[in-house]
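As a plain string of letters, each chain reads:
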Amino acid sequence: MNMTGERISGLEKAAMLLIVLGPEKSSKVFKYLKEEEIEQLTLEIANIRSVSPQVKDEVIREFYEICLAQQYISEGGINYAKQLLEEALGNDKSDEIINRLTSALQVRPFDFIQRTEASQILNFIQNEHPQTIALILSYLKPNKASAILSALPQEKQADVAKRIAQMDRTSPEVIKEVERVLEKKLSSIEGQDYTIVGGVDSVVNILSSVDRGTEKHILDTLEVDDVELAEEIKRKMFVFEDIVTLDDRSIQRVLREIDNADLALAMKSSGQEVQNVVLKNLSSRLATMIKEDMEYMGPVRLRDVEEAQQKIVNTIRRLEDSGEIIVSRGGGDEIIV
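Residues numbered from 1 in each chain as written. Predicted model: local features only at pLDDT ≥ 70, side-chain atom pairs only at ≥ 80, totals over all residues. Heavy atoms only, no water.

Visitor: Would you mind showing me how to read the pattern of salt bridges here?
Guide: Any two side chains of opposite charge can pair, given that their charged atoms come close. Going through the model one piece at a time under the given rule, you end up with 9 salt bridges. With its nearest N and O atoms 2.6 Å apart, the salt bridge here joins Lys 162 to Asp 225. Placement of the pair is Lys 162 in helix α10 (residues 154-166) and Asp 225 in helix α13 (residues 212-225), with a sequence separation of 63 residues. Of the charged contacts in the structure, one is a salt bridge between Asp 262 and Lys 311, with a shortest N-O distance of 3.5 Å. Here Lys 311 lies in helix α19 (residues 302-321) and Asp 262 lies in helix α16 (residues 260-266), a separation of 49 residues in the sequence. Linked through salt bridges whose partners overlap, the residues forming this network are Arg 253, Glu 257, Arg 318 and Glu 324. (Salt bridge = Lys/Arg side-chain N within 4 Å of Asp/Glu carboxyl O. Helix = DSSP H or I, 4+ residues; strand = E, 2+ residues; numbered from the N terminus.)

In structure tokens:
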């Protein structure tokens with residue numbers, strides 16, 4: 001994209017977009033980035049003094065076009081996307097977007113099953129080797145992968161979850177072989193570098209959507225087989241900021257277990273939404289005291305903040321295990337009857 005007569009790098013455009021989105025939305029984007037990416041973007045944002053209305057409009061327009069193209073591709077592939085973009089933006093603009101985003105618009109491996117019902121996929125892969133199942137689930141969206149994982153025999157569930165967590169990079173050759181066995185062919189694999197799939201974050205996303213019984217069985221099994229992996233998964237299953245997803249009664253129950261000093265420290269680096277949700281569930285006197293503690297606390301170490309937040313998360317998980325609170329999750333066990 002040529003803005004005001006000069007080329008602007010992708011990093012600069014990303015920084016401008018975050019400026020335009022504002023701090024609340026940008027902070028949510030940061031949750032999905034690596035530390036080095038956050039550092040680069042933060043530095044770039046700090047170096048940008050202002051964004052003109054013209055540049056702002058161009059950044060938003062390009063971002064919209066990219067999102068539109070990716071949505072069309074996920075719905076029906078590159079040709080389908082090109083056809084819809086031509087109808088929406090015209091031939092020249094469509095060709096420009098497709099050409100500019102060729103690398104970004106590659107169809108993901110196993111794209112042919114992305115729109116298939118989870119039950120059908122289960123029938124298709126349940127008798128495959130656990131490593132094959134783990135590879136396929138790593139490419140599926142968490143809600144669909146969680147449904148399949150929940151439906152697998154219990155003796156396979158923890159094994160598959162562990163393999164997803166320990167998966168790092170899978171070569172195109174291996175993926176091709178899996179797809180050959182599944183009698184499918186994926187054209188976008190050719191010429192690609194090694195593909196990063198799986199990992200602890202991947203299994204956390206999946207386990208966060210399964211029902212509580214399946215999650216507990218998998219974690220209990222992993223605690224026996226690989227206690228360090230089980231603990232790492234537990235730490236990431238529910239982060240402090242997720243407290244906003246709890247109902248008021250549950251938050252009040254959690255807060256009764258928390259030391260006031262830990263609560264003030266935990267909220268020191270949290271967003272306004274988290275602070276508002278927590279403080280509204282405290283008495284006026286205690287809320288005022290916590291706010292004063294935060295104000296007069298001064299600079300604190302990030303490690304201390306994270307430790308305080310983890311104490312609260314551990315309390316939430318303990319109360320959930322005992323049935324005293326309910327943590328909403330994708331598997332449906334948040335329904336009370």
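Visitor: Quick question: what am I supposed to make of helix α8 (residues 130-139) here?
Guide: An α-helical turn contains 3.6 residues, so a residue and the one three or four places further along point in the same direction. Burial analysis of α8 places 9 of its 10 residues in the buried class, the great majority of the element. Along α8, the residues classified as buried are Pro 130, Thr 132, Ile 133, Ala 134, Leu 135, Ile 136, Leu 137, Ser 138 and Tyr 139. (Buried < 20%, exposed > 50% of the residue type's maximum accessible area, 1.4 Å probe, protein only.)

Visitor: I would appreciate a short explanation of the environment of Ile 19 in the present structure.
Guide: Mapped onto the elements of the fold, Ile 19 is located in helix α1 (residues 10-21). Each C-alpha atom, one on Ile 19 and one on Ser 50, is 9.2 Å from the other, the two residues being 31 residues apart in sequence. Aside from chain neighbours lying at most four places away, what touches Ile 19 is Ile 45, Ile 48 and Val 51. (Contact = heavy atoms within 4.5 Å.)

Visitor: Got a minute to help me understand the packing of helix α9 (residues 142-151) against helix α12 (residues 200-207) in this structure?
Guide: The axes of two packed helices give the description: the angle between them and the distance between them. Between α9 and α12, the shortest axis-to-axis distance is 8 Å and the interhelical angle comes to 75°. Between α9 and α12, the angle falls in the class roughly perpendicular. Every residue of α12 that contacts α9 at Pro 142, Ala 145, Ser 146 and Leu 149 is listed here: Asn 205, Ile 206 and Leu 207. In terms of residue class, the contact of α9 with α12 is made up of 5 nonpolar, 2 polar and no charged. (Axes fitted to C-alpha atoms, helices over the stretch in contact; angles between N-to-C directions. Parallel < 35°, antiparallel > 145°, perpendicular 65-115°, else oblique. Nonpolar A, V, L, I, M, F, W, Y, C, P; charged D, E, K, R; others polar.)

Visitor: How do you make sense of the nonpolar core when you look at a structure like this?
Guide: If you look at soluble globular proteins, the nonpolar side chains tend to sit buried side by side. Leu 137, Ile 148, Leu 149, Val 160, Leu 207 and Ile 233 are the most contacted members of the largest nonpolar core, which totals 35 residues. Elements supplying a minimum of two residues to this core: α7 (118-125), α8, α9, α10, α11 (172-181), α12, α13 and α14 (227-237). Of the residues forming this core, the biggest block, 6 residues, is contributed by α8. Contact partners of Ile 233, with chain neighbours within four places excluded, come to Val 200, Val 203, Val 204, Leu 207, Leu 219 and Leu 222. (Core = buried A, V, L, I, M, F, W, Y, C linked by side-chain atoms within 4.5 Å.)

Visitor: Is there a simple way to think about the environment of Met 297 in this case?
Guide: Summarising the element assignment, Met 297 is placed in helix α18 (residues 284-297). For Met 297, a relative accessible area of 26% corresponds to the partly exposed category. Between the alpha carbons of Met 297 and Ala 264 there is a distance of 8.7 Å; along the sequence they are 33 residues apart. For Met 297, the contacting residues outside a window of four places in its chain are Ala 264, Leu 265 and Lys 268.

Visitor: Would you mind going over a negative patch on the surface with me for this structure?
Guide: Judged by side-chain charge, Glu 35, Glu 36, Glu 37, Glu 39, Glu 306 and Glu 307 come together as a negatively charged surface patch. Every element with two or more residues in the negative patch is listed here: α3 (35-47) and α19. Residue contributions to the negative patch peak at 4 residues, all from α3. Mapped onto the secondary structure, Glu 306 falls in helix α19. Glu 306 gets classed as partly exposed once you look at its relative accessible area, which sits at 44%. (Patch = residues over 30% accessible without salt bridge, like charges linked within 9 Å, V, L, I, M, F, W, Y side chains within 5 Å. Areas by Shrake-Rupley, 256 points an atom, 1.4 Å probe, with all protein chains shown as cover. Lys, Arg positive; Asp, Glu negative; His and termini not counted. Charge placed at Lys NZ, Arg CZ, Asp CG, Glu CD.)

Visitor: Just checking my understanding: could you explain α18 for this structure?
Guide: Between its terminal C-alpha atoms α18 stretches 20 Å, which fits the 20 Å expected from 14 residues at 1.5 Å a residue. If you check which residues of α18 are buried, you get Leu 286, Ala 287, Ile 290 and Met 294. All buried residues of α18 fall inside an arc of 105° around its axis, so they share one side. Away from the buried face of α18 by more than 90 degrees, exposed residues Ser 284, Arg 285, Glu 295 and Tyr 296 are located. On its buried side, α18 packs onto α16 and α17 (272-280). Phi turns positive, to about 75°, at Gly 298, one or two residues after α18. (Expected span 1.5 Å × (residues − 1). Arc of directions from axis to C-beta.)

Visitor: So what exactly am I meant to see when it comes to the confidence of the model for the protein chain here?
Guide: Detailed reading of predicted coordinates is not advised where the pLDDT is low. Overall, the prediction assigns the protein chain a mean pLDDT of 76, with 76% of residues at 70 or greater. Put simply, strand β1 (residues 2-3) is where the protein chain has its lowest mean pLDDT, 46, and helix α15 (residues 248-255) is where it has its highest, 92. Below pLDDT 50 for its whole length, residues 1-5 participates in 16 contacts with residues either more than four positions away or in separate chains. With pLDDT under 50 throughout, residues 185-194 is counted as low confidence; its partners more than four residues away or in other chains account for 20 contacts. (pLDDT = per-residue confidence, 0-100.)

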